[in-house]
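An overview of the molecular structure
The chain contents come next:
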Amino acid sequence: MTFHMNRRSFLAAGTAALIVPSILRAQESEITIGSLTPNTGGGAPFGPNITASHKRVVDAVNAAGGILGRQVRLYQENSETNPETAVRAADKLINVNGVCAIVGTFSSSVTLGVMPKCQAANVVQMCTSSSSDIPVSDEKGLVFNFQPLSPIWGRAIGELVKARGLESFGLMALNNDFTRSMMDGFIEVVGQEALVNEPFYYNAQQSSYRSEVTQLIEKNPQAVFVPSYITDFTAVYKELYRQGYEGTVITTSLSTGQQFKDAIGDAADGIVHGFPVPAINSPAYKEYLKEAGLEETNSVQHPFGTAGRDQLTTLLLAIEKAGSTAGSDIAKAVWEVTTGEGKTTVYNLAEGLAALREGKEINYSGASGSIEFDEEGMVLGRDFQLSEIRDGEDVVIERLEY
Amino acid sequence: MNLQIFVNALVNAALIAPPAMAFSLLFGVLKFPNFAIGGYITIGAFAAYTFNVPLGLPLPLATIGAMAVTGFVVWLAHVWVFKPMQAQSAVTLLVVSIALTLILESVVRLFFSADVRGFDIPLERPWKFWGARITKEQVQIIACAVVLGTGLHVLLRHTRIGRAMRAVADNPMLAAIRGVDAAKITALTTILCGAIFGLTGVFAGLDLVIEPLVGWNLTIPIFAAAILGGIGSPYGAILGALLLGLAEELTILVLPSTYKIAVGFVIIAIFLLVRPQGLFGTAEIKK
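If you're wondering where the values come from, they're calculated on a predicted model, not measured in any experiment.

Moving on: empty space enclosed by the protein. Summed over all chains, the structure comprises seven cavities of 30 Å³ or more. Approximately 80 Å³ is the volume found for the largest cavity. Around the largest cavity sit Lys238(A), Arg242(A), Ala263(A), Ile264(A), Gly118(B), Phe119(B), Ile121(B), Pro122(B), Leu123(B), Glu137(B), Gly205(B) and Leu206(B), which together line it. If you list the elements that add at least two residues to the lining of the largest cavity, you get helix H10 (230-242) and helix H11 (258-264) of chain A together with helix H8 (182-207) of chain B. Of the residues in the lining of the largest cavity, the class split is seven nonpolar, two polar and three charged. Taken as a whole, the second largest cavity encloses approximately 60 Å³ of empty space. Ser207(A), Ser208(A), Arg210(A), Asn12(B), Leu15(B), Ile16(B), Leu218(B), Pro221(B), Ala241(B), Leu244(B), Gly245(B) and Glu248(B) are the residues that line the second largest cavity.

Residues and elements named next belong to chain B. A cluster of nonpolar side chains, contributed by Leu10, Leu239, Leu242, Leu243, Leu279 and Phe280, occupies part of the molecular surface with about 470 Å² of accessible area. Here the nonpolar patch gets three residues from one element, more than from any other, and that element is helix H10 (residues 234-254). Here Leu239 lies in helix H10.

With that settled, the discussion passes to the packing of helix H4 (residues 83-95) of chain A against helix H5 (residues 108-120) of chain A. All names here are of chain A. Remark: H4 packs on H5, axes separated minimally by 9 Å, with the N-to-C direction vectors making an angle of 35°. Read as a crossing pair, H4 and H5 show a hand that is right-handed. Mapping the contact onto sequence places Pro83, Ala86, Val87, Ala90, Asp91 and Ile94 in H4 and Ser109, Val110, Gly113, Val114, Lys117 and Cys118 in H5. The residue makeup of the contact of H4 with H5, split by class, is eight nonpolar, two polar and two charged.

Now for the sheet that holds strand S14 (residues 393-400) of chain A. Residue and element names in this part refer to chain A. Spatial strand order, S7-S6-S8-S9-S10-S13-S14: seven strands in an open sheet with mixed pairing. Edge positions in the sheet fall to strand S7 (200-202) and S14, since each of these pairs with one other strand and no more. Geometrically, the sheet is characterised by an average inter-axis angle of 30° between neighbouring strands, direction not taken into account. Bridge count between strand S6 (residues 169-174) and strand S8 (residues 223-225): three bridges; the pairing is parallel. Note on S8: the bridge partner recorded for Phe169 is Ala223. Helix H7 (residues 150-163) rests against S6, S8, strand S9 (248-252), strand S10 (272-277), strand S13 (383-390) and S14 of the sheet, and its axis sits at about 55° to S13. Docked against the sheet, H10 engages S6, S7, S8 and S9, running at close to 180° with respect to S9.

Another aspect to go through is the UniProt feature "transmembrane region" (unreviewed entry) in chain B. All names here are of chain B. Feature annotation in UniProt assigns "transmembrane region" (unreviewed entry) to the following positions: residues 6-30, 37-55, 61-81, 93-112, 138-156, 185-206, 218-246 and 253-274. Segment residues 61-81 splits into 100% helix and 0% strand. End C-alpha atoms: 30 Å apart. The span residues 138-156 is 100% helical and 0% strand by assignment, and the distance between its end C-alpha atoms comes to 27 Å.

Rules and cut-offs
- Residues numbered from 1 in each chain as written.
- Chains lettered and ligands numbered in written order.
- Predicted model: local features only at pLDDT ≥ 70, side-chain atom pairs only at ≥ 80, totals over all residues.
- Heavy atoms only, no water.
- 1 Å grid on protein atoms, 1.4 Å probe; cavity = no way out; pocket = protein on both sides within 12 Å on 5 of 7 lines; lining within 4 Å.
- Points joined across faces, edges and corners; volume = space filled by probe spheres on them.
- Helix = DSSP H or I, 4+ residues; strand = E, 2+ residues; numbered from the N terminus.
- Nonpolar A, V, L, I, M, F, W, Y, C, P; charged D, E, K, R; others polar.
- Patch = residues over 30% accessible without salt bridge, like charges linked within 9 Å, V, L, I, M, F, W, Y side chains within 5 Å.
- Areas by Shrake-Rupley, 256 points an atom, 1.4 Å probe, with all protein chains shown as cover.
- Salt bridge = Lys/Arg side-chain N within 4 Å of Asp/Glu carboxyl O.
- Axes fitted to C-alpha atoms, helices over the stretch in contact; angles between N-to-C directions.
- Left-handed = near helix turned anticlockwise from the far one by under 90°.
- Contact = heavy atoms within 4.5 Å.
- Pairing = 2+ DSSP bridges.
- UniProt positions renumbered as here; feature names shortened; annotations may be inferred.

Now the structure itself:
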């Protein structure tokens, strides 16, 4: 068939092409998604795993023909675990790349920092952050958190240390929302009467933590609980050791990664730390290990990489379900593909897409947990694990399963 | 508890006093408050880390290396940045020095990332006496500060170079007329102060953690100690550091710990209002 274009139709087509904004044309051809992960800075031990998970899911779906008949394009940015860098990156992702979702933000300050821009542009956010401010600030219902909020961390760590027979505690926390509300959750479980001091807060970036530590161990509690980040905890722990404290030091596993162990050496032995972990017996976790090329062990690997897989899988299933890349449509579909009973359980994207295309209702059960969201988009229930550092290695001592 | 407060204050002072002296000395010669000290201290900490951990030198040698590197960096900063701008006002130079500290930190972050690090020496348990605790490392830091303070005193009071430094600080033109080579003395002062900042970097790395902001975190206490003692007076800086350390420790007996960080600022504000020349400084005569 020959196609004739006269001067009039040529002008009409040209004008139409100019009217449609270029970004919109890019979106017609590809679904664009922003991956904003902490590849350096405080989240550096976890960021690269999250990035790799995002990329694997996208590569797999593109190889299988894409979503809604369109290819998926992932734009990767490093948040440096720093809200200022993250906001600049989010600006670029939204305004230049025209993404429909920003996934993978890790620290609460980053998730909250980019939230106003995402809300204004109707962009879905998927994160692993713990601040109780997240559901409050999410006015449009576009944010989905793949990690429990910090009061849940505090309660779980409290339960686990109580089970170890510890009875008297000294408490101090870094002065931010994540750690403050974790401390509140902890107190709820262990009880006010178990505390030997009035809990107090310290600021990050102090020139010394001597007086705080002196105050914390003054009444010689059996254990001290210090919700913190790695930089301040390293300095605080050095001071605890130097002031001769011999009780149990409890903190979050975020503070005790390899960098901490390298900086502290043998003196790190005996620290007890906890955080939410994937359900290591779930089928999706086992699939994740294969995808990431890991051997099956009985301990948790890639606690945040698993969440990265779940974020992108959930997002793409929701886009398929919604038949749209508009933020509010995707958000509504996220609940439909993850939450609720009586649906077909799926453990990966391919299974989910096949079931959706057959017209079935699905419930995605992920590698980081069963992925059920409450009405605010916060994940319900994750397994929780307490470890102890022995000979420079983390040894699992207890696990809470939901 | 009570004795521990004094031990804590003493260790804080030993950490702050040497750089506060160096800050004062630099101010005397260059006539502007150099906020790049944060960057210099960070350079010192990371230089010592590089010598100690990747290159495997023992810490005393790494410390000497760090002092040499930082001395060189501070001299270079003087020659490349501050000397060409010396005709500018003190406020301009202050802003430039803040920019310089950010640049130095960023360079460190570029090569070392923001990860936390530590020297290759084991943490030690404390000695206990009358209910207070102190570690061998802390005693060494205090001893170093005392030796450094005495050394600076001898240098400034009893040597030709020291007299020349004081002469340049008092009146550069008169010093030049009397045959003092002000440029050479200024260069020597920057190298000496740089070495002290390098040493502070090592102490800070031992006491806190080695990370790009380690120097910046010490800047306000150092500045406060120098103002308290009388900016431009190295001896005042020692007393300033002791009083600041004590004020910070005593604060947490009456106020929540989160306010401790403000103590330095409050001291700066009070002294600038009540006695701008500090405890030991001489009031500037405005003509």
